[in-house]
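Secondary and tertiary structure notes
Each chain, letter by letter, is given below.
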Amino acid sequence: MQSRDLKKLIIFYSFEGNTKFIAEGIKDIAGADLLELKPKKDVNTKGFMKYVWGGTQVIMGKKPELESFDKNPDNYDILFIGTPIWASRYAPAINSFIHKESIKGKKIVLFCCHAGGGNGKAFSTLKEQLKDNDVIGSIEFQNPLKNGKDEAAARLEKWVKEIL
Ligand SMILES: Cc1cc2nc3c(=O)[nH]c(=O)nc-3n(C[C@H](O)[C@H](O)[C@H](O)COP(=O)(O)O)c2cc1C
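None of these values were measured; they are calculated from a predicted model.

1. A short note on the overall build of the protein
The helix and strand inventory of the protein stands at six helices and six strands. Taking 15 Å as the expected radius of gyration for a compact globule of 164 residues, we find that the protein reaches 15 Å, a close match to that expectation. Here the C-alpha coordinates of the protein stretch approximately 45 × 35 × 25 Å along the principal axes.

Below, the structure written as structure tokens:
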């Protein structure tokens, strides 16, 4: 079966909208379903304290409780997993998700948004955590909402079409 005929789910967390922008772009290009992860208790400041709060959560390996969701990853063949980079790692909500769900035998595509530090350890750690799957691609964007949405959207479209 062609990858484009497989069932696709985009699982993502976004605090300030960049990762959400990319996730919605993938949805439009690939015809995938969307699952936005929402911690019941999330960062509640946009100021400097967000780095302290969020960074601490990541470094302590927190797995915040998530709002319930109605999409079951078992029902999909390809999972796109997207995260902002926090303290050079993936966001706590993604940590919650991959430990809650038993993800095996899927094709996985990773995407992330960062502020210039690259994906850090996020992709390599996710690949380790998801080792019972086949990671078929990854892409990262530097704050696409600030640095040019059109350019990011064009790069995204080209990449998604190459992967599928
Ligand atoms: C708690 C916290 C930690 C962050 N740590 C990093 C980092 O280590 N490296 C980096 O390049 N950007 C870092 N950022 C910036 C975000 O990764 C970046 O702005 C991203 O585009 C935000 O995605 P979002 O809008 O989907 O939340 C951090 C942001 C927050 C809130």
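What follows continues from the structure just given.
2. Some remarks on empty space enclosed by the protein
Evaluation of the coordinates by the stated rule reveals one cavity of 30 Å³ or more. Of the volumes computed, that of the largest cavity is approximately 40 Å³. If you go around the largest cavity, the residues you meet are Tyr13, Pro39, Lys41, Asp42, Trp53, Gln57, Pro64, Trp86, Ala91, Pro92 and Ala93. Among the secondary structure elements, those contributing two or more residues to the lining of the largest cavity are α2 (49-59) and α3 (92-100).

3. What about the site of the ligand?
Taken together, 21 residues lie around the ligand, and Ser14, Asn18, Thr19, Ile85 and Asn143 are the ones closest in. Between an oxygen atom of the ligand and a main-chain N or O atom of Gly17, the distance comes to 3.0 Å. In the model, an oxygen atom of the ligand is placed 2.6 Å from a nitrogen or oxygen of the Thr19 side chain. Judged by the proximity of its atoms to the pocket grid, the ligand belongs to the largest pocket.

4. Some words on the side chain of Thr19
In this structure, Thr19 sits in helix α1 (residues 18-30). Since its relative accessible area comes to 1%, Thr19 is described here as buried. Once you skip the residues sitting within four places of it in the chain, Thr19 turns out to touch Phe12, Tyr13, Ser14, Gly82, Thr83, Pro84, Phe111 and Cys113.

5. Remarks on the packing of α1 against helix α6 (residues 149-163)
Here α1 crosses α6 at 45°, and the two axes come no closer than 10 Å. In terms of orientation, α1 and α6 fall into the oblique class. In terms of crossing hand, the pair formed by α1 and α6 is right-handed. Across from Phe21, Ile22, Gly25, Ile26, Ile29 and Ala30 in α1, the residues of α6 making contact are Lys149, Ala152, Leu156, Glu157, Val160 and Lys161. For the contact of α1 with α6, the residue count by class is eight nonpolar, one polar and three charged.

6. Concerning the pairing of strand β5 (residues 107-114)
Of all eight residues in β5, seven are buried, a share of seventy percent or more. Where strand β3 (residues 78-86) and β5 come together, seven bridges link them in parallel fashion. Among the inter-strand pairings, Ile81 is bridged to a residue of β5, identified as Leu110. Here β5 pairs with strand β6 (residues 134-142) via eight bridges, running parallel. When the bridges of β6 are listed, Cys112 appears paired with Glu140. With respect to chirality, the unit in which β5 leads through helix α4 (residues 122-129) into the neighbouring parallel β6 is right-handed.

Parameters at a glance
Residues numbered from 1 in each chain as written. Predicted model: local features only at pLDDT ≥ 70, side-chain atom pairs only at ≥ 80, totals over all residues. Heavy atoms only, no water. Helix = DSSP H or I, 4+ residues; strand = E, 2+ residues; numbered from the N terminus. Rg over C-alpha atoms; globule rule 2.2 N^0.38 Å. 1 Å grid on protein atoms, 1.4 Å probe; cavity = no way out; pocket = protein on both sides within 12 Å on 5 of 7 lines; lining within 4 Å. Points joined across faces, edges and corners; volume = space filled by probe spheres on them. Near = heavy atom within 4 Å. Polar contact = N/O pair within 3.5 Å; in protein donor to acceptor, adjacent residues only side chain to side chain. Sits in = over half its atoms within 2 Å of the grid points. Buried < 20%, exposed > 50% of the residue type's maximum accessible area, 1.4 Å probe, protein only. Contact = heavy atoms within 4.5 Å. Axes fitted to C-alpha atoms, helices over the stretch in contact; angles between N-to-C directions. Parallel < 35°, antiparallel > 145°, perpendicular 65-115°, else oblique. Left-handed = near helix turned anticlockwise from the far one by under 90°. Nonpolar A, V, L, I, M, F, W, Y, C, P; charged D, E, K, R; others polar. Pairing = 2+ DSSP bridges. Right-handed = clockwise from strand over helix to strand, strands pointing away.

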